Amino acid sequence: MLPSAALGARVELSAGRGPVALVGRATLFPEDSRASLDASGAGADLQLWTAGLGFCGHGARERWGVRACGGADVARTTAAGNGVSETNSARSWWASTWLGVSAELRLYRHLALTADLEGAVVYWRPVFAINGVDQRFTAAPVAGVLALGVAVPF
């Protein structure tokens with residue numbers, strides 16, 4: 001979804017009964033991810049945020065837990081040109097569906113470490129181009145996320 005690996009933050013809220021939960025989430029990649037569009041240095045700095053809903057099913061919840069999830073996100077990419085005499089910025093909305101698995105290690109009652117592996121199919125992929133430069137950047141049709149984090153389960 002971005003031209004290179006990027007650090008981001010995700011906030012996720014879930015409500016469920018038994019082994020199934022509804023999940024709402026928002027993800028932000030605040031650092032610029034740079035796409036070079038030609039050898040002269042013309043390119044763009046891209047930022048991405050997403051918000052979505054999904055359903056999860058989870059397994060044992062003692063010290064170790066595992067879950068599988070699926071859902072859909074809407075996303076907004078912002079690009080600002082660089083390395084050219086006239087710069088501009090653009091924003092584009094798009095969407096994706098995703099499937100993921102995660103593992104959780106409870107350290108305390110309300111503190112856990114998490115590891116997530118997720119794959120997404122991207123729809124309505126935005127295209128970012130700079131006038132006078134032959135190349136352009138667009139999100140790949142399939143993307144992945146590897147996330148390590150801290151959870152505050154209740």
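Because the structure is predicted, anything quoted here is derived from the model rather than measured. (Residues numbered from 1 in each chain as written. Predicted model: local features only at pLDDT ≥ 70, side-chain atom pairs only at ≥ 80, totals over all residues. Heavy atoms only, no water.)

1. Notes on the overall build of the chain
Then, number 1: Along the chain, the regular secondary structure elements total 0 helices and 9 strands.
Then, number 2: When the elements of the chain are put in sequence order from the N terminus, they spell out β-β-β-β-β-β-β-β-β.
Then, number 3: Long-range pairs, those at least 24 residues apart, make up 55% of the contacts in the chain with a sequence separation of at least 6.
Then, number 4: For the chain, the accessible area works out to roughly 9,600 Å², and carbon and sulfur atoms hold 60% of it. (Helix = DSSP H or I, 4+ residues; strand = E, 2+ residues; numbered from the N terminus. Contact = heavy atoms within 4.5 Å. Areas by Shrake-Rupley, 256 points an atom, 1.4 Å probe, with all protein chains shown as cover.)

2. A short note on the state of the cysteines
Then, number 1: Summed over all chains, the structure comprises 1 disulfide.
Then, number 2: Here Cys-56 is linked by a disulfide to Cys-69, with a sulfur-sulfur distance of 1.9 Å. One disulfide, between Cys-56 and Cys-69, carries an S-S torsion of 110 degrees and so falls in the right-handed class. Of this pair, Cys-56 sits in strand E3 (residues 43-61) while Cys-69 sits in strand E4 (residues 64-82), placing them 13 residues apart in sequence.
Then, number 3: Accessibility expressed as a relative area gives 5% for Cys-56, which makes it buried.
Then, number 4: What makes Cys-69 buried here is its relative accessible area of 10%. (Disulfide = S-S within 2.5 Å. Buried < 20%, exposed > 50% of the residue type's maximum accessible area, 1.4 Å probe, protein only.)

3. As for the packing of aromatic side chains
Then, number 1: For the structure on display, the rule yields 2 aromatic pairs.
Then, number 2: The side chain of Arg-25 reaches across the aromatic face of Trp-98, ending 3.7 Å from its centre. (Phe/Tyr/Trp six-rings, centres within 6.5 Å; stacked < 30°, edge-to-face > 60°. Lys NZ or Arg CZ within 6 Å of the ring centre and 35° of its normal.)

4. Here's the deal with unusual backbone geometry
Then, number 1: With phi around 50 degrees, Trp-124 is a residue other than glycine that occupies positive phi space.
Then, number 2: Residue position: Trp-124 is located in the loop between strand E6 (111-123) and strand E7 (127-129).

5. Some details on the pairing of strand E5 (residues 89-108)
Sheet faces and side chains relate simply in a regular strand, where the side chains alternate between the two faces.
Then, number 1: As paired elements, E5 and E6 share 13 bridges and run antiparallel to each other. Residue Ala-95 lies in a different strand from E6, and its bridge partner there is Tyr-123. (Pairing = 2+ DSSP bridges.)

6. Details of empty space enclosed by the protein
Then, number 1: Scanning the entire structure with this criterion turns up 1 cavity of 30 Å³ or more.
Then, number 2: When its volume is computed, the largest cavity comes out at roughly 100 Å³.
Then, number 3: Forming the walls of the largest cavity are 14 residues, and the residues nearest its centre are Arg-25, Arg-67, Cys-69, Asp-116 and Glu-118.
Then, number 4: Here the lining of the largest cavity takes 4 residues from E5, the largest share from any one element.
Then, number 5: In the lining of the largest cavity, the residues fall into 6 nonpolar, 2 polar and 6 charged. (1 Å grid on protein atoms, 1.4 Å probe; cavity = no way out; pocket = protein on both sides within 12 Å on 5 of 7 lines; lining within 4 Å. Points joined across faces, edges and corners; volume = space filled by probe spheres on them. Nonpolar A, V, L, I, M, F, W, Y, C, P; charged D, E, K, R; others polar.)

7. Some words on a nonpolar patch on the surface
Then, number 1: On the surface, Val-20, Leu-22, Leu-53 and Phe-55 cluster together into a nonpolar patch covering about 410 Å² of accessible area.
Then, number 2: Residue assignment for the nonpolar patch shows that the elements contributing at least two residues are strand E2 (20-36) and E3.
Then, number 3: Mapped onto the secondary structure, Phe-55 falls in strand E3. (Patch = residues over 30% accessible without salt bridge, like charges linked within 9 Å, V, L, I, M, F, W, Y side chains within 5 Å. Salt bridge = Lys/Arg side-chain N within 4 Å of Asp/Glu carboxyl O.)

8. Focus on the environment of Leu-117
Then, number 1: Considering the arrangement of structural elements, one finds Leu-117 in strand E6.
Then, number 2: You can call Leu-117 exposed: its relative accessible area is 54%.
Then, number 3: Between the C-alpha atom of Leu-117 and that of Ala-147, which follows or precedes it by 30 residues, the distance is 6.6 Å.
Then, number 4: Setting aside residues no more than four positions away along its own chain, Leu-117 makes contact with Leu-99, Gly-100, Val-101 and Val-145.

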